Amino acid sequence: MIGIAAGLSSEDGRVVYACTYAEFVVTRALEFVRHNLAYHQFNVKLVGNSAGFAMETLSISHWATEDIAYARALPNLTILSACDSLEAIKMVMAAHDVKGPVYVRLSGLLNCPIVYAQDFDYQIGKSNVLREGDDVAIIATGMMVREALDAAELLAAHHINCSVIDMHTIKPLDTNCLDEVFAKSKLLVSVEEHSVIGGLGGAIAEYKTS
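Being a predicted model, the structure only gives us computed values, none of them experimental.

Description of the nonpolar core
Ile 2, Leu 46 and Tyr 103 are the most contacted members of the largest nonpolar core, which has 34 residues in total. Excluding anything up to four places from it in sequence, Ile 2 contacts Ala 18, Val 25, Ala 29, Phe 32, Val 33, Leu 37 and Leu 46. Met 91, Ala 94, Ala 95 and Cys 162 belong to the second-largest nonpolar core, a separate cluster that totals 26 residues.

Okay, structure coming up:
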C-alpha cells in the first residue's frame, strides 16, 4: 500500500492518502515509509487509526504504542495527533496542504469524547491552550486531552490550578508554547497513549535539555 501510494504521488504530484491501523501503517511498513516517503519526500499522507491501546483485545500485534517514536526518528515527516472527531477532520484537511509526507495519528474507538464542541482555528505546529492555570501544566495529545481536562477539574476542587494544552502536532513541536509553560508553571506533566520513550514526553524532554 505504501509503495503504491508513493508511486501514485511520484507520477503526477497528486496528494495520496493511505489509511490502516496505526500499528501497521508505521511499524509494519516502516522500511517503506522510511525509503519511499521520508527520504524521497513524496506527498503521501498516512492515516493511522486505532492508535494506542484502542485495539486492546487484539493484543500487541495491533497496539500502537511506539509509532510516534519510530515516526519522529524519520526525516521530513510531519506528525499530527487528533484528540476528537472535529480536530481529526481539520487535521486531515490541513495535511493536504503540507508539501511532503504527514502521519495523522487517530486514537480511540467509536463515540470518542468531544473536546471541541465549537468550531476553532487549527494550525499545524501551533498547540491549543484549552484551560489556563499556573500550578501545573498538563500537555496532552490524542485521546488523553479529554482525560487531562477531566483531571484538571478534579484537581481544581483541591485548589490546584492546571493549564491543559492540546499538543496536536508532535513534529514540529510548538516550542514557543513550551517556553511559556517552562517560564510560568511549577510543574509540567505530559500525557499520551504511547511509550514513555520517544513520544510526546520524550520530545518535550529533548527540547528542554537541548
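Now that the structure is up, let's keep going.
Focus: the pairing of strand E6 (residues 136-140)
Taking burial as the measure, the five residues of E6 include five buried ones, the bulk of the element. Residues Val 136, Ile 138 and Ala 140 line one face of E6 and the alternating positions Ala 137 and Ile 139 line the opposite face, and both faces are buried. Across five bridges, the pairing between E6 and strand E7 (residues 162-166) is parallel. Along E7, the bridge assignment pairs Ala 140 with Asp 166. In this fold, the crossover linking E6 to E7 by way of helix H6 (residues 144-156) has right-handed handedness. As judged from the five bridges shared by E6 and strand E9 (residues 187-191), these two strands associate in the parallel manner.

Section: the packing of helix H1 (residues 2-12) against helix H3 (residues 30-39)
Two measures define how a pair of helices packs: the angle their axes make with one another and the distance between the axes. Orientation of H1 relative to H3, taken along the N-to-C sense of each, is 5 degrees, at an axis distance of 9 Å. Our classification of the angle between H1 and H3 gives roughly parallel. Counted together, Ile 2, Gly 3 and Ala 6 of H1 and Phe 32, Val 33, Asn 36 and Leu 37 of H3 form the full contact between these two elements. Residue composition of the contact of H1 with H3, grouped by class: five nonpolar, two polar and no charged.

A word on the side chain of Thr 141
Structurally, the position occupied by Thr 141 is in the loop between E6 and H6. Among the polar contacts listed, one links the side chain of Thr 141 to the side chain of Ser 81, at a separation of 3.0 Å. Leave out the neighbours within four places in its chain, and Thr 141 touches Ser 81, Met 167, His 168, Ile 170, Val 191, Glu 192 and Leu 200.

So, the side chain of Lys 90
Along the polypeptide, Lys 90 turns up in helix H5 (residues 85-96). When neighbours within four sequence positions are excluded, Lys 90 is seen to be in contact with Asp 119, Phe 120 and Tyr 122.

Quick notes on the state of the cysteines
Enumeration according to the criterion identifies zero disulfides in this entry. Cys 19 takes part in no disulfide bond, and the closest cysteine sulfur, belonging to Cys 112, lies 14 Å away. Lacking any disulfide linkage, Cys 162 is separated from the closest cysteine sulfur, that of Cys 177, by 15 Å. On the basis of relative accessibility, which here comes to 1%, the residue Cys 162 falls in the buried class.

The rules behind these values
- Residues numbered from 1 in each chain as written.
- Predicted model: local features only at pLDDT ≥ 70, side-chain atom pairs only at ≥ 80, totals over all residues.
- Heavy atoms only, no water.
- Core = buried A, V, L, I, M, F, W, Y, C linked by side-chain atoms within 4.5 Å.
- Buried < 20%, exposed > 50% of the residue type's maximum accessible area, 1.4 Å probe, protein only.
- Contact = heavy atoms within 4.5 Å.
- Helix = DSSP H or I, 4+ residues; strand = E, 2+ residues; numbered from the N terminus.
- Pairing = 2+ DSSP bridges.
- Right-handed = clockwise from strand over helix to strand, strands pointing away.
- Axes fitted to C-alpha atoms, helices over the stretch in contact; angles between N-to-C directions.
- Parallel < 35°, antiparallel > 145°, perpendicular 65-115°, else oblique.
- Nonpolar A, V, L, I, M, F, W, Y, C, P; charged D, E, K, R; others polar.
- Polar contact = N/O pair within 3.5 Å; in protein donor to acceptor, adjacent residues only side chain to side chain.
- Disulfide = S-S within 2.5 Å.

Distances and angles like these do not, on their own, reveal function.
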